[in-house]
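The chain contents come next:
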Amino acid sequence: EDKEDFGPLNLETGRKEWHWASKEAMGEGVYTGRTWIDFPGSGYNVTIPLDLNEARKTIAHLRENNWLDLQTRAIFIDLFVYNANTNLV
């Protein structure tokens with residue numbers, strides 16, 4: 001598993017834009033895939049903004065800078081849904 005920073009250089013910090021994080025730092029657990037392959041829950045994380053235009057800009061930025069490539073093993077999308085009938089998330 002690659003843990004090196006990658007992506008475009010952030011001029012404010014002088015570091016590359018995307019950083020590896022442990023599952024503990026991200027508050028994640030182990031994911032088991034359809035073929036019983038375990039994914040450790042660690043890796044690189046990008047938060048997509050709620051605003052549609054900002055979300056489109058973020059996704060375009062990821063595409064333009066090869067955040068996804070042939071070595072990408074999996075993409076996980078976490079979201080919360082509010083049910084107004086039960087007042088539960």
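Residues numbered from 1 in each chain as written. Predicted model: local features only at pLDDT ≥ 70, side-chain atom pairs only at ≥ 80, totals over all residues. Heavy atoms only, no water.

**Some words on the overall build of the chain**
- Along its length, the chain carries 2 helices and 6 strands.
- Along its sequence from the N terminus, the chain presents helices and strands in the succession β-β-β-α-β-β-β-α.
- Projecting the C-alpha coordinates of the chain onto the three principal axes gives extents of approximately 45 × 35 × 25 Å.
- Here the chain holds 89 residues, and the buried ones make up 10% of them.
- Total accessible area on the chain is roughly 7800 Å²; 53% of this is exposed by carbon and sulfur atoms. (Helix = DSSP H or I, 4+ residues; strand = E, 2+ residues; numbered from the N terminus. Buried < 20%, exposed > 50% of the residue type's maximum accessible area, 1.4 Å probe, protein only. Areas by Shrake-Rupley, 256 points an atom, 1.4 Å probe, with all protein chains shown as cover.)

**Looking at a nonpolar patch on the surface**
- Residues L68, I75, I77, L79 and V81 make up a contiguous nonpolar surface patch of roughly 550 Å² in combined accessible area.
- Within the secondary structure layout, I77 lies in the segment after α2 (52-64). (Patch = residues over 30% accessible without salt bridge, like charges linked within 9 Å, V, L, I, M, F, W, Y side chains within 5 Å. Salt bridge = Lys/Arg side-chain N within 4 Å of Asp/Glu carboxyl O.)

**Things to note about the packing of aromatic side chains**
- Taken as a whole and judged by the stated rule, the model has 3 aromatic pairs.
- Aromatic pair F6 and W18: ring centres 5.2 Å apart, planes at 50°, arrangement tilted. Here the residue F6 occupies a position in strand β1 (residues 6-9), and W18 occupies one in strand β2 (residues 16-18), the gap between them amounting to 12 residues.
- Each residue in the set F6, W18, Y44 and W67 is aromatic and connected to the rest through ring pairs, giving one cluster.
- Taking NZ or CZ as reference, K3 lies 4.6 Å from the ring centre of W20, over its face. (Phe/Tyr/Trp six-rings, centres within 6.5 Å; stacked < 30°, edge-to-face > 60°. Lys NZ or Arg CZ within 6 Å of the ring centre and 35° of its normal.)

**With respect to unusual backbone geometry**
- Non-glycine residue N66 carries a positive phi angle of around 55°.
- You can see N66 is positioned in the segment after α2.
- Of note in this structure, N87 is not a glycine but carries a positive phi near 60°.
- Relative to the elements of secondary structure, N87 occurs in the segment after α2.
- With a relative accessible area of 56%, N87 lands in the exposed category.

**Re the environment of L68**
- Mapping L68 onto the fold places it in the segment after α2.
- Look at L68 and you get partly exposed, because its relative accessible area is 44%.
- For L68, the residues in contact, after removing those within four places along its chain, are L62 and I75. (Contact = heavy atoms within 4.5 Å.)

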